[in-house]
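Architecture at a glance
Next come the chains, spelled out residue by residue.
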Amino acid sequence: DCHGKSLQNAPSSLPSNITSLDLSFNSLVMPHHRTLLMHFPSLHTLNLSSNALLVLSPAAFSNLRALRLLDLSSCSIAYLHMDAFKGLGNLHTLLLRSNSLQELEVSLFLPLKALFHLDLQQNALVSVDMWSLQLMDTVPQVRLEGNPWLCDCSAHPLQQWLRRRQAVQVTCASPPWLRGRELTALDSQDLGCWVKQRFSREVSTVQQITVTYSNTTAPPTGKGGRSWPYLVGFLVAAIGISILIALVAKCKVFHKNFTSYHHRPLPETSSIGGSPMEDSSSWDRSSSGQGACENHPMPGPADLQGEDDDGFIEDNYIQPSEQVPEEEERQLHLSI
């Protein structure tokens, strides 16, 4: 019994085969790179409560493999390293009440294979994640009272966990309208989860309808491989139709271009030596549908010779004989 001695380190004068040690109400300083009690490997019970232990170094108790009870209450512990309890495979009781823990590492309880009683009362825990709850499920006795629990939708897993374990006296600290109420007595609407639950139910209903529809429309298990020939045939037919449409469009474009560039050669000078009426009629027939003038007479050889000389077409369609009636009409008008 070494409690209340203002010790900063464990006394080395104690026998190494002791099984119980009380170092509570001292001023112990935790070492950074070695274990706290390296000279007492036979300890079964260790009381370190009410010491100013701010941070527990990793593997601080790794040499106490026979330890069964560890009391770290009221040590102002704000953070626990994931390897803080490494080597305590036989630990039965872990007391962490009246500290300042705000969160728990997920793998904090993995080394504690034989843990039976875990006391986390009077800490600063606001919420616990799902994975930590699953790890604490292997611990028969867990005390969570006196923490400022936030009772919103994130506390729903904790609520279900407490109901399975029939735990009571876990009360809410926030929001203000739920302060002091037991978490297990609240419903989903109080936690603000009714909208999400309704949405999840609707999603599950849609999934059930989809599964039912897929089951009714899917082919039997024994004939599941006979639908692919129809798909292949449909794809081949679609590709063939697309190719035919492309070819038809190509032919129309080619025919249009061929027609626009197809010209008939002009008649030679020697072929115009026949009768003017015959040449004029043949010219009109050959130029029908091409937008040519239908009522103008055929130009003479002199005109064609003129075209060959300078490259311009002269407007000689009006013959000198056609100007005589106009002069007579003008003289008649002057006489009147």
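These lines cover the structure that appears in this document, whether it is placed above or below. Since this is a predicted model, take the numbers as computed values, not measurements.

Side note on the nonpolar core
With 56 residues, the main nonpolar core has Leu46, Phe61, Leu70, Phe85, Leu118 and Met136 as its most contacted residues. Among the elements of the structure, helix H1 (130-136) and helix H2 (156-164) are those that each provide at least two residues to this core. Among the elements that make up this core, the one with the highest residue count is H2 (three residues). When residues of this core are sorted by domain, at least three fall in each of domain 1 (1-145) and domain 2 (149-195). Aside from chain neighbours lying at most four places away, what touches Phe85 is Phe61, Leu70, Leu72, Leu80, Leu94, Leu96, Leu108, Pro111 and Leu112.

As for the state of the cysteines
Tallied over the entire structure, the rule returns two disulfides. Shown here is the disulfide that connects Cys151 with Cys172, its sulfur atoms set 1.9 Å apart. Around the S-S axis, the bridge from Cys151 to Cys172 shows a dihedral of about -95° and counts as left-handed. Of this pair, Cys151 sits in the loop between strand S9 (149-150) and H2 while Cys172 sits in strand S10 (residues 172-174), and the two are 21 residues apart along the sequence. Disulfide pairing is shown between Cys153 and Cys193; the S-S distance is 2.0 Å. Its torsion about the S-S bond being 135°, the disulfide of Cys153 and Cys193 is classed as right-handed. Placement of the pair is Cys153 in the loop between S9 and H2 and Cys193 in the loop between helix H3 (188-191) and helix H4 (194-217), with a sequence separation of 40 residues. For Cys153, a relative accessible area of 23% translates into the label partly exposed. Going through the chain in sequence order and numbering each bonded cysteine, the pairs you get are 1-3, 2-4.

Rules of the game
Residues numbered from 1 in each chain as written. Predicted model: local features only at pLDDT ≥ 70, side-chain atom pairs only at ≥ 80, totals over all residues. Heavy atoms only, no water. Core = buried A, V, L, I, M, F, W, Y, C linked by side-chain atoms within 4.5 Å. Buried < 20%, exposed > 50% of the residue type's maximum accessible area, 1.4 Å probe, protein only. Helix = DSSP H or I, 4+ residues; strand = E, 2+ residues; numbered from the N terminus. Domains from an automatic or database assignment. Contact = heavy atoms within 4.5 Å. Disulfide = S-S within 2.5 Å.

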